[in-house]
Structure formats: C-alpha cells, structure tokens
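Topology and contacts: notes
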Amino acid sequence: MLAVIGGALAARRAQALAVLLLAVLASAAAAAAVSYVAAAGQALARYELSTADPNELRLRLVAPTEYPGMPGDPAGSVFGAQVERLAPAGFEVVLGAQSGGVATGPAGTVTSNLIFRAGVCERVAVAGACPRSTSRGRLPEVMVSTHTAAHLGVATGGQFTFGAVPVRVAGVYRPLDATDPFWLGEEYLRPPAPGPASTSTVGSALDAIFTAESSPLADDKAILYRSTADLFVSRQLVVTGSVQDLRSTVATVTRDGSRQGFGAGTSLPSLLDRVTLQRGQLAAGVTLGAGLLVLLCWLVLFVAISSAADERRPEQGLLLLHGVQRRRRWALAVGEHAVPVLVAIPLGCLGGLAAAKLLATHTLPAQADVTLDATAVGYAAVGAVGALAAVLLAQARTMSAPVVDLLRRVPARVRGWRASVGDVVAVAVAVAAVVQLRLGGSPTGLALVAPVVGALAAGVLLARVAMIAGAAVGAALLARGRTSVGLALVQVARQPRFRPLMALLTVVVAMLAFTAATSEVASAAYADRATVEVGAPRVVEVKASSRSHLLASVRAADPEGRSAMAAVVTNAASEAGTPVLAVDSDRLATVAVPHASYGADLADIARTIRPDPPGAPLHLRGRLLTVVISTDLDAAAFAGNRVRLAVTVSNRNGSRVVVARDDIEPGRRDYVIQVPECVQECRLVNVEIVAPVVSRQLKVRFEELRSGNGDGETVLLTGAEFADLNRWRLTDPDDTFLDATSGPDAALVLGLVENRRVRPAGISVVDSPFPLPGWLTRSNGTPLGRPHQYEGVDGSPTQASVEGLADRLPRLGGSGLIVDLEYADRLAVAGQTGVEEVWLAPTAPADILDRLRAEGLVIKDDRTIAGVRQDFDRQGAALALRFNLFAALAGVLIGAAGLIAMAAAEQRNRVAMLVALRRQGLAPRAVRGGYGWPVVIATVSGGLATLVIWLLTRDGQRLFSDGRSPVPLPDWPDVGRLLLFTVPTVAFFAVTAAVLGRIVAASVRRRTGQ
C-alpha cells in the first residue's frame, strides 16, 4: 500500500502540491492566530502598564502600630520579617517608614512627611550627600527637595526643625525620573498649589523629606512613625504571567496581611481587570479572522479535490469493476493526502510564526515577543487535519457512487434530501450564531464567527439560486441564438462543482466587504467618541485656587477669546446625579468642536445659557465690612439662643463664610466683619442670619453697608439701595420673607418665622439668573421649560431652568447639563467640586501652557482628540480588526487559488468539449471557458451576503473595550472607502477568470488549428 501511495503522489504531483500548499495555509492561519494573540496580549499588557496609575502597580502593607523615634529601615524588625514571608515571587518589596509633621525653617513652614524609603538615593540627583545615620548627640540628617529647601530657606549644611526635633540638611535632591512608580505619583512629589507662578511642573514645597537609618533622639517620643511596605508587581509578571494566578496571589497577600493586623490596600486588581478585558476582546476578534482563513482553505481544498475527483471518476469505476474493496480505496485516498497534510503541520507552524511576527511589527502598540508554543502547534495541527477532512469529504461522493455513475462522463445530480442537507446545516449553524450574537454580552462560542458562518450560509443559498437561474437564463439565450453567453451559463449551471466555487468566492467577497465596513465604522466611531468625550481639540486639566481664578486666568492668557475656554466638569464619572459642564459661554462655539450627534448648535447653546444678568455683582474693597442692622429681637424670648450675622465673600482664592464678632442684639447697631481677602477686591455672595432656634418671629432691617480698612469707609449701599427688592434673593425661602420700607427710614426687612432652623436665613446678591438657564440632554427626561434638580459646581443641591434639549453634550455624552460657569460661580456658596479644565482650539499659541502657569494655574493633565483616538486604536478590539482585515485580504488570494485549482482540474475535459463544439461550428467568441460568470455571480451574491450579515450582526460587534460609546455607532460605512477594498478584489478575480479563459481558448485553437 505504501508503494501504491507513493506512486499516486508521484503521478498526481500537482494535486499533492495543491493539497500541501492549502494545508500549510490552513495550519499557518491557525498558528498565526494563536501566536499573534499571545504577542498582542503582551503588548496590551505593556501598554496598560505604561499608562497605569502608580497605585495600580503596587500592594501596600502598613504596620498596625506607631513607634517612637526617627523613621528608619524596618528590614530587621518584626514587620520586615513578616513582609518578607508574605511577599510573593515576582514582586519587588520597597520598605519604608513615615511620620507626619510640620517643618519649620528660617524662611517659612511646611506640612510634610519625614520618610525613610529604601532605594531613594539611587533615584535622585543630590547637591550634597544622602543622609546617614548619626550617633546620639548629633543632629539627624535629612534630604529635602529643591522646592522644600527654597521654601524653608535652607541649603546643604543648614538646619530646621521637624516638629520639635532639629535636623541637619545633608543634601538637596532632585528626582531623576518623576514618572517612576517609586514616587507613587503625587504621594512623595506633591504638586504645587495654584497661585504664584511655579518654576517647575514637578514637585512643590510639600515634597517628602527623606531620612536615613534610624538615628537616636534625645526624646524618642518627639516623633512617632509607622512602617510601610510597597510590593511592586514586576512588568514581566503582568506581561507573561497568568492574570488569574496574579489576581489570586494579590488576594492571598491581602488576606494574610489582614490576619497579621496589617493595613492592606491596592488598586492592582483594576489594572488586571483591564488587561483581562483587552485580551479577551482580542482573542474573540482574532477568532473571526483566523476562522475565515481556515474555512477558506478548507473550502478551496473541497472545491479543488471535488473537481479532481470528478475527473478521475472513470478510474475509480475501473477499480471497482476489478473488485478493489472500498476500504482499500479509502485507505489509498487517505494515505495519498495524509502525507502532504502531515508535512504541512511543521511548515504551517513556521509560516504562522513568520506571519505573526510581521503583523506584530506593524500593528501592535508596544514591543512583544512572538514565539511558537505547544498551543500554536496544536491549532496548526487542527487546521491541517481539517484540511484532510475537507479532502476526504470532497471524495466521499466518488467513493460511494455505483459503477454506472462512475463510468458516466457527466456526474449524476444529487437529488432529494441529500442535495440540501449541506445547505440546511450551513443555515442552521448561521442562525444559531447570529441568535447567540444578538443576545448581547461578550461574544462566545458560535457568536465569535457569526459573520463567517453567516456569509457561508448566504453563499451556499445564493449559489443554489444562481445555478437554477443560470440554467433557465442560459437555455433561453441559446434558444434566441445568443450562443456565447447562453453556452457559458449552461456550462456553469450543469456542472455541480461550480456551486461550491461560487459559494467560496461569495464568502471571500462578503467577508472582505464586511471586514472593511467594520473597520471603517470603527474608525469613524473612534473619532466620534474621542471628539465628544474630549470636547475640544485639546483639553488641559488644571488646578486653580477657585472658579474665579480659573476664569480670570484663562481670560488673561487669551484675552481675545479665540483659543482658550475655562470649564468645570462635575459628576462626569458618577452614575448618581446629573453630570454638569460649566463653561465660559462666550467662547464655547469658538473653542469646542461641533458634532452632529449633539443635535444642537453650540452657538445657540452658548447664547441661551448666557442671558443678560439681572443685576451687577456687588464688589467690596477693604479688610473690614460693616453692616448696619436694626432688629426687634426680644432677648428674653430667645432665652440665650444666639443670633449671629455672617457674610459669604468670594475672590480669586475661593469663597469663605465670615461671621461677625458680636452677636446680633436688639436695636440698631453696626456689625463689623473682618474680610482680609477683600483688601484687593472681592465679591459679596450673600448676607445671612444664623439663628438655629427662632423663639418668636424675628425681623431684621438692613440699613447700610460699608467697606474700608479702618481709616475710612465707603458706603456701598444706603438704606434705599438696600430696599431694592430686585437686588436680593432669599437663600432659604422656607419660613422667611422679604419686605422693604421707604422714606427716611428706608431699609430691607428680612423676616424669620418662629421655628427651629437647619440652614441660615439670608439674602443673596442677584447678580446671575436663578434658576440657572441650561441645556439638558433628552435622556434625563425633564421637559423643556421645567426646572431640573442637580448638584451645583459647589456640590450643593440647586436647580436649573431647562432652556433647551440636546441629544448629547460635549464632554458629557448622552447624559448631562451645560450651564454658564461665571453665573454658576456667582450662585455657589460652598467649596468647589469637579474637574477644572482649559479647552484649547487649534489656534492656541505654542506657549499657552506657560501663559496659564504664569497666571497661577497648575497643569495636571493634557489630552487631545487625536491622542484619545490613538488610544482606542491601541485597544484589543482595534488590534483584532487589523488582524481580520489582513485575513480578509489573504482570503482574496485563497479565493483566486480556488478558481485556478478548479480550472486546472477540469481543463482537459473542458478543452475537449469546446474542441468538439468548435469543429461543429461554434463561434470563436464562445470559446472562453465560462469562468467569468462565477465571478459575476459571486460579486452580486457577495454584495447581498454582506448586506444581510451586516444588518444581522452589526449591533453585536464590540468596537470598544469598555463596550460603550457616548455617540451612536454609524449605521453604515462610508461607501467610497468600502469600494477601495471591494473593487480591486472583484477586478483581481475578473482578471484571473479572463486569464484562465484565454488559456482555454489558446488550447482550443491549438487543437483545432482555427
């Protein structure tokens, strides 16, 4: 049998080579997918590590008790020994100790931490020397940052006190790499406070003060410290290790540390969750591309071997007539094709490795090692064995046919249920895959390859329809004398082998079009989401002293208002409450990027949320504020319950509530309030009466307001001006009322009803509209013109008047409210919440960040639409799309190989038939082979199949790692870009068919001499 198999391989070298090549392609595709997923998983992990917060890279353990003395190395302590036992392999342990306190130097004081941290000297440049342990009676040595040294007024060799302990400055340090996770972000290198322009973007006077080994103190109890241990996970462990094992290790250390009494905390699981999610999406997406390539290889083998088997039907018939048993014929068929399949496995592994390396080089966001492991070899074997199964399936019909059918020149048509069982199976699998995909959630199982099996089902059904229609149309054309087209259609329709070829080409065209469409939609979705989530071409997160400081700084840095806008975002990442975007409205339409998904024009929004103010702000100048009040307070009735006067003022440093020195007493009195923040200028926010218990109705008359510095006062409001009710608004309308008197005793009267009060009663300056006008997203459900409750920029409950409805809003997406920042700041009475940002247009000058720093803003983060768009391109879903596009393009070559293989298998019979017809008078133009019609039919079928699978599966595609986007995904891809992929593909198939037709025509001419 081995000799017979060897003879068969030698006699059919071309077929054996075709099987070998296609089996190599199938095994290479499977191996490449596994190797690429492994390499891309490493790259994704490296990228997540590069963007992770330092706290996500470590697990911290803290000793339960404090110890007296200078912080020192806990390595030799009980705590250090316990940490050493707990630390798992692959984690770097950094031991330390820290104590909080106040450092006092010749020039000033700072609240900082005195810290021992192993390895700090290797990560700093020092002017002087690193601190060393000292003996009793000598000053302990410390190392301070350049910012701390400047603020304290010390230098190398100088002295200052930490708490009650004098220390000596051994050196002044500057970090070599402030982004090193060793510094834990802002834990040891504190950001500068907003205000005066900083000379550096890294560090401040609050930077950590480092000490050396523990030094003895005269009074050890003067300083108390606590030991700490930071367990940093190694990058290699995250990149190449098992995430599940790593997560289990973290949980074990946390649990065991808690049992030891250590405080344990980490954000490492959040990093591991992101890596797991990215890798899962990558594997799911790559499965589609790999499944496409493997399926195409199997289909091509099925088409080629089916055609070859049909050509050898007489040979099989003769073997059957001579009494060769069927099992021996099967053994010959299996052996003949098993040899090239077995050879294909190692070749496929090498080819897959090369392909994975090529893809990794050009698509991955970070360096990754592409290797061939046992899993890749196993998948390569599956691909090759599947190729063998396709070969044997292609020969099953010939092997089981009776002698009469085998000796016929034209194979008998399969009729009955056997003719449709393949179609039914393909459609059933496709339906199950699509249903599973549309159920939602992460695609698994059949849902991973739903587009592929959907295209295959559409291909086999449309090929069957094309065969039936081709026979009918061809016969009609022949009856009308259209010999060339009619004969070609009849030839295609009468040859069963053309049906799998048309299904194959349909799958190729459909999957290329579908993958290109998905890639185009993903690209548009990434750009849309980045535009909406960022809001402007560039957004800089800053830290300001107050909202007023933010507004004034941005306006000073861009006085023309063409390139920068101040904004505050609150509750953007919270599921509770309404996210709020407060903007400098006059600049919104100029700086923010418009987008069709907003459903509103930014200029209309800006105009609506910034109406003319109902009144002017009341500005104060001077460190003293005097309020003249007269009351009908009955001291006996109030029984000792205090009634006090308070005002809220606001300047560049924020808002502050200041209480008068004296309690309110009966009669007319001057109440003086010290407001040092108003020496330059400030704004009066409100005036309040603080009376937790009102024993009987109380009336407070505001008769005059003066401001000054003690050497002279300026009257800001007279009694008549105070009495203007349009100037004031009740801060708490419950159980309070406003009235006014006129004439010589004109005053504003605030009445408090007898009650117990949780909030003070008072009046606010009406210098902004209330409720605040805003635009709300429709998803929040509040109708136009109705009030909407939300948390203001100071975190206190308030309400807005809905003046417009939008589908989405910049920065907030599908849920939120946009208001004017200046008006919102005027209404704020408490502290400040939210993220402070500066939105920049493309026209922003190159030194805009320096201008903002010069105004006292601290730069914290810098994002651009282009940068966020690139981040989406580095996610697992985007990498999978690139692999799928590569697979679809490779599938085009496989489809062309199938067309060539089928033509080669039937060329001898096709030429013989056309020679006979040509000698009987067939026109030369009819001698074309008919290979163009499968291309035409596949093009039409592929377009229909693409439309069907797009409509069925587009909602189940996962384009983002977090599975969400504030902007709806485009329903349809850009047709122009889609044609850039499909038109060359169809043209390539058409050229291939034309070349094959010319080869047939040339052979006919040689045989006939015509």
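Above this text is the structure in question.
Throughout this description, residue numbers start from 1 for each chain and increase along the sequence as written. Side-chain atom pairs in this predicted model are given and counted only at pLDDT of 80 or more, local residue features only at pLDDT of at least 70, and totals for whole chains, interfaces and linings cover all residues. Side-chain numbers come from the whole structure's heavy atoms, not from hydrogens or water.

Some details on the overall build of the protein
Quick reminder of the rule: Under the scheme used here, helices are H or I runs from DSSP no shorter than 4 residues and strands are E runs no shorter than 2 residues, and both carry numbers assigned from the N terminus. For every residue, the accessible area (1.4 Å probe, protein chains only) is compared with the maximum for its type, and the residue is labelled buried under 20%, exposed over 50%, or partly exposed between those bounds. We call two residues in contact when some of their heavy atoms are within 4.5 Å. Accessible areas in this description were obtained via Shrake-Rupley with a 1.4 Å probe; residue shielding takes into account the shown protein chains only.
On a plain count of helices and strands, the protein comes out with 26 helices and 34 strands. Evaluated residue by residue, the protein yields a buried proportion of 51% over its 1010 residues. Long-range contacts, defined here as pairs at least 24 residues apart, represent 80% of the contacts in the protein between residues at least 6 apart. As displayed, the protein has an accessible area near 43300 Å², and 57% of this comes from carbon and sulfur atoms.

A few points about helix H25 (residues 932-953)
Inclusion rule: For a helix, the expected span equals 1.5 Å multiplied by the residue count minus one.
If you check H25, its first and last C-alpha atoms are 31 Å apart, about what 22 residues at 1.5 Å a residue would give, namely 32 Å. All of the buried residues in H25 are Pro934, Val935, Ile937, Ala938, Ser941, Gly942, Ala945, Thr946, Ile949, Trp950 and Thr953.

Some words on the side chain of threonine 731
Within the secondary structure layout, threonine 731 lies in the loop between strand S24 (728-730) and strand S25 (736-741). Excluding residues within four positions of it along the chain, threonine 731 makes contact with Asn686, Glu688, Arg759, Pro760, Ala761, Gly762, Ile763 and Ser764.

Here's the deal with the nonpolar core
Note the cut-off: For our purposes a nonpolar core is just a set of buried Ala, Val, Leu, Ile, Met, Phe, Trp, Tyr and Cys residues, chained together by side-chain atoms within 4.5 Å.
Counting 123 residues, the largest nonpolar core has Met511, Tyr526, Ile818 and Trp839 as its most contacted members. In terms of residue count, the dominant contributor to this core is helix H15 (residues 498-534) (23 residues). Those residues in contact with tyrosine 526 that lie beyond four places of it in its chain are Arg869, Phe872, Asp873, Ala877, Ala878, Leu881, Leu959 and Phe960. Within the second largest apolar cluster, 38 residues are counted, among which are Ile664, Ala691, Leu698 and Leu717.

Digging into the state of the cysteines
Stated formally: Two cysteine sulfurs form a disulfide in these notes if their separation is within 2.5 Å.
Considering all chains together, one arrives at two disulfides under this definition. In this model cysteine 678 forms its disulfide with cysteine 682; the gap between the sulfur atoms is 1.8 Å. Note on the cysteine 678 and cysteine 682 pair: the S-S dihedral is about 85 degrees, so by sign convention the disulfide is right-handed. Counting only the cysteines that form disulfides, in the order they appear in the protein, gives the pairing 1-2, 3-4.

Focus on the pattern of salt bridges
Definition in use: A carboxyl oxygen of Asp or Glu within 4 Å of a side-chain nitrogen of Lys or Arg is what we treat as a salt bridge.
Counted according to the given criterion, the structure contains 47 salt bridges. A salt bridge links aspartate 584 to arginine 555, with the nearest nitrogen and oxygen atoms 3.1 Å apart. With aspartate 584 in the loop between strand S14 (580-583) and helix H17 (588-591) and arginine 555 in helix H16 (residues 547-557), the pair connects residues that are 29 residues apart, well separated along the chain. In this structure, aspartate 850 and arginine 853 form a salt bridge, with 3.3 Å as the shortest nitrogen-oxygen distance. Taken together, the positions of aspartate 850 and arginine 853, both in helix H22 (residues 848-854) and three residues apart, correspond to about one turn of that helix. When its relative accessible area of 22% is taken as the criterion, arginine 853 is described as partly exposed. Each of the salt bridges in this network shares a partner with another, and the network as a whole consists of Arg555, Asp558, Asp584, Arg587, Arg610, Asp820, Glu822 and Arg826.

Some points on the sheet that holds strand S31 (residues 797-806)
Whenever strands of a sheet pair, they do so through backbone hydrogen bonds, lying parallel or antiparallel. Note the cut-off: DSSP-based pairing: two strands are paired if at least 2 bridges between them are found. Lines are fitted to the C-alpha atoms to define the axes, a helix being fitted only along its stretch in contact, and any angle between axes, read from their N-to-C directions, falls within 0 to 180 degrees.
With respect to topology, nine strands assemble into an open sheet ordered S30-S31-S29-S32-S14-S13-S33-S12-S34, the strand pairing being mixed. Each edge of the open sheet is held by one strand with a lone partner, namely strand S30 (787-791) and strand S34 (858-864). Pairwise comparison of adjacent strand axes, ignoring direction, gives a mean angle of 35 degrees for this sheet. In this structure, strand S12 (residues 538-543) lies alongside S34, joined through six bridges in antiparallel fashion. By the bridge assignment, valine 540 is partnered in S34 with aspartate 862. H16 rests against S12, strand S13 (564-570) and strand S33 (835-840) of the sheet, and its axis sits at about 155 degrees to S13.

So, the environment of aspartate 962
With respect to the helices, strands and loops of the structure, aspartate 962 is situated in the loop between H25 and helix H26 (975-1008). With 684 residues separating them in the primary sequence, aspartate 962 and glutamine 278 have C-alpha atoms 9.0 Å apart. When residues no more than four places from it in sequence are discounted, the contact partners of aspartate 962 are Leu277 and Arg529.

Section: the pairing of strand S28 (residues 761-765)
Of all five residues in S28, five are buried, a share of seventy percent or more. Of the two faces of S28, both are covered, the one formed by Ala761, Ile763 and Val765 as well as the one formed by Gly762 and Ser764. Sheet topology places strand S20 (residues 682-690) next to S28; four bridges connect them, and they run antiparallel. Bridged to glutamate 688 within S28 is glycine 762.

Focus on unusual backbone geometry
Of note, the amide linkage connecting phenylalanine 770 to proline 771 takes the cis form, showing an omega dihedral of -5 degrees. Among the secondary structure elements, proline 771 is positioned in the loop between S28 and strand S29 (772-777). Positive phi, close to 55 degrees, is recorded for leucine 184, a residue that is not glycine. Examined against the element boundaries, leucine 184 turns out to sit in the loop between strand S8 (165-175) and strand S9 (209-211). At arginine 811, a residue that is not glycine, the phi angle is positive and equals roughly 75 degrees. Mapped onto the fold, arginine 811 is located in the loop between S31 and strand S32 (817-820).

Considerations on the side chain of serine 27
Which entries qualify depends on this criterion: Polar contact is the term for a pair of N or O atoms within 3.5 Å; when the atoms are in protein, one must be able to donate a hydrogen and the other to accept it, and sequence-neighboring residues count only if both atoms are side-chain atoms.
Mapped onto the elements of the fold, serine 27 is located in helix H2 (residues 13-51). Using a relative accessible area of 0% as the deciding quantity, one classes serine 27 as buried. Within the structure, serine 27 has its side chain in polar contact with the backbone oxygen of alanine 344 (distance 3.2 Å). The contact partners of serine 27, leaving out residues within four places of it in the chain, are Ala344, Ile345, Gly348, Ala380, Gly383 and Ala384.

Some thoughts on the packing of H15 against H25
Put simply, the rule is: When an angle is under 35 degrees it counts as roughly parallel; over 145 it counts as roughly antiparallel; between 65 and 115 it counts as roughly perpendicular; any other value is oblique. Handedness of a helix crossing follows the sense of rotation of the near helix relative to the far helix, less than a right angle counterclockwise being left-handed and clockwise being right-handed.
Running from N to C, H15 and H25 point in directions that differ by 45 degrees, and their axes come no closer than 7 Å. One finds that H15 runs oblique with respect to H25. Crossing of H15 against H25: the hand is right-handed.

Focus on the environment of leucine 17
Within the element layout of this structure, leucine 17 appears in helix H2. Residue leucine 17 is classed as partly exposed on the basis of its relative accessible area of 47%. For the pair formed by leucine 17 and proline 340, sequence separation is 323 residues and the distance between their alpha carbons is 7.6 Å.

Description of the environment of proline 64
Note that proline 64 resides in the loop between strand S1 (58-62) and strand S2 (67-68). C-alpha separation for the pair proline 64 and arginine 226, spaced 162 residues apart in sequence, amounts to 7.8 Å. Ignoring any residue separated from it by four or fewer positions in sequence, one finds proline 64 in contact with Arg226, Gly261 and Phe262.

Description of the packing of aromatic side chains
Two descriptors summarise a pair of aromatic rings, namely the distance from one centre to the other and the angle between the planes of the rings. Heads up, the rule is: Each aromatic pair joins two rings of Phe, Tyr and Trp (for Trp, the six-membered one) with centres within 6.5 Å, and gets the label stacked for planes under 30 degrees apart, edge-to-face for over 60, and tilted for any other angle. A ring is scored as having a charge over it whenever the NZ atom of a lysine or the CZ atom of an arginine sits within 6 Å of its centre and within 35 degrees of its normal.
Considering all chains together, one arrives at 16 aromatic pairs under this definition. Here the guanidinium or amino end of arginine 123 rests over the ring plane of phenylalanine 182, the centre of that ring lying 4.2 Å away. A cation over a ring is seen here: arginine 729 above phenylalanine 770, with NZ or CZ 4.3 Å from the ring centre.

A few points about the packing of helix H13 (residues 450-479) against H25
Selection criterion: For this scheme, ten residues count as nonpolar: Ala, Val, Leu, Ile, Met, Phe, Trp, Tyr, Cys and Pro. Four count as charged, namely Asp, Glu, Lys and Arg, and the remainder, Gly too, count as polar.
Contact geometry for H13 and H25: axes closest at 9 Å, N-to-C directions at 140 degrees. Considered as vectors, H13 and H25 are oriented oblique to each other. In this structure, H13 meets H25 at a crossing whose hand is right-handed. Where H13 approaches H25, its residues Ala450, Pro451, Gly454, Ala455, Ala458, Leu462 and Ala466 are matched on the opposing element by Ile937, Ser941, Leu944, Ala945, Ile949 and Thr953. Here the residues of the contact of H13 with H25 sort into 10 nonpolar, three polar and no charged.

Brief notes about helix H23 (residues 865-873)
Put simply, the test is: Note: the arc covers the axis-to-C-beta directions of the helix.
Within the span of H23, buried status applies to Ile865, Val868, Arg869 and Phe872. Buried residues of H23 fall within an arc of 105 degrees about the axis and therefore sit on the same side.

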